[in-house]
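Per-entry structural report
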Amino acid sequence: MKEKIIIEYTPEKNDYIQASKVLAKKTPSFRILAGIILLVAATSIVILFIPSLRYTGWLNVATVTLLVCAFYIFYYLVLIPYQLSRSYQRSDSLKMDRRFTLGDEHVLMEIGENSSILPWEKFQKVMEGKEIYLLVFMDENRIYPLLPKRSFPDEATRDAFLNLIKSKSVPLV
């Protein structure tokens, strides 16, 4: 690759909410936990609505279990987006302009006046969501740079980005 790919944007509140959803949906442990919660909730509903099971000790267990499942679903669908929205409103650093310069050897990530060089070898994967790409970078800490799809100036730049991550053997999931 001779030319560098430059992507610039200012993050919006929805970007962080979308990144959280992509991270959750593409993480195997979250998928397993979500499946267990839905299975347990469905089982609890069946126990609550089958008259022959209503008057056994299972009624209390089903009620408590259903409430716990409802809390987890409420937490994921309502509380996490609310917390991210509040964090976005309170933190100026989450609103700072971002600039990513993607080259052959590394990605230069600039946030406001700060910059970091992220070598391609340390990228574990790129997660694609409906509105966002979430890059997973692992060094001493795990970092999740995000690239909203709206930040690509055109389809050719987006294709060049996808070809670059493929050429660097970074899985797109």
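Structure shown above.
**A word on the layout of surface pockets**
The space that makes up the largest pocket amounts to roughly 230 Å³. As for the largest pocket, its lining consists of F30, L33, A34, I37, L38, Y72, I73, Y75, Y76, L77 and I80. Of all the secondary structure elements, the ones that give two or more residues to the lining of the largest pocket are α2 (28-49) and α4 (58-90). Top contributing element to the lining of the largest pocket by residue count: α4, with six residues. Taken together, the residues of the lining of the largest pocket sort by class into eleven nonpolar, no polar and no charged.

**Overview of the pattern of salt bridges**
A full pass over the atoms with the stated rule returns eight salt bridges. With a shortest N-O distance of 2.7 Å, R99 and E8 are connected by a salt bridge. Of this pair, R99 sits in strand β2 (residues 98-102) while E8 sits in strand β1 (residues 5-9), placing them 91 residues apart in sequence. Its relative accessible area of 30% is what places R99 among the partly exposed residues. Classification of E8 by relative accessible area gives partly exposed; the value is 48%. The partner of D15 in a salt bridge is R150, and the shortest N-O contact between them spans 2.7 Å. With D15 in helix α1 (residues 13-25) and R150 in the loop between β8 (146-148) and α5 (155-167), this residue pair connects regions lying 135 residues apart in the sequence. The exposure class of D15 is buried, given its relative accessible area of 4%. Judged by relative accessible area, which is 42%, R150 ranks as partly exposed. Ionic contacts of the salt-bridge type, sharing partners, join the residues E128, K149, E155 and R158 into one network.

Analysis parameters
Residues numbered from 1 in each chain as written. Predicted model: local features only at pLDDT ≥ 70, side-chain atom pairs only at ≥ 80, totals over all residues. Heavy atoms only, no water. 1 Å grid on protein atoms, 1.4 Å probe; cavity = no way out; pocket = protein on both sides within 12 Å on 5 of 7 lines; lining within 4 Å. Points joined across faces, edges and corners; volume = space filled by probe spheres on them. Helix = DSSP H or I, 4+ residues; strand = E, 2+ residues; numbered from the N terminus. Nonpolar A, V, L, I, M, F, W, Y, C, P; charged D, E, K, R; others polar. Salt bridge = Lys/Arg side-chain N within 4 Å of Asp/Glu carboxyl O. Buried < 20%, exposed > 50% of the residue type's maximum accessible area, 1.4 Å probe, protein only.

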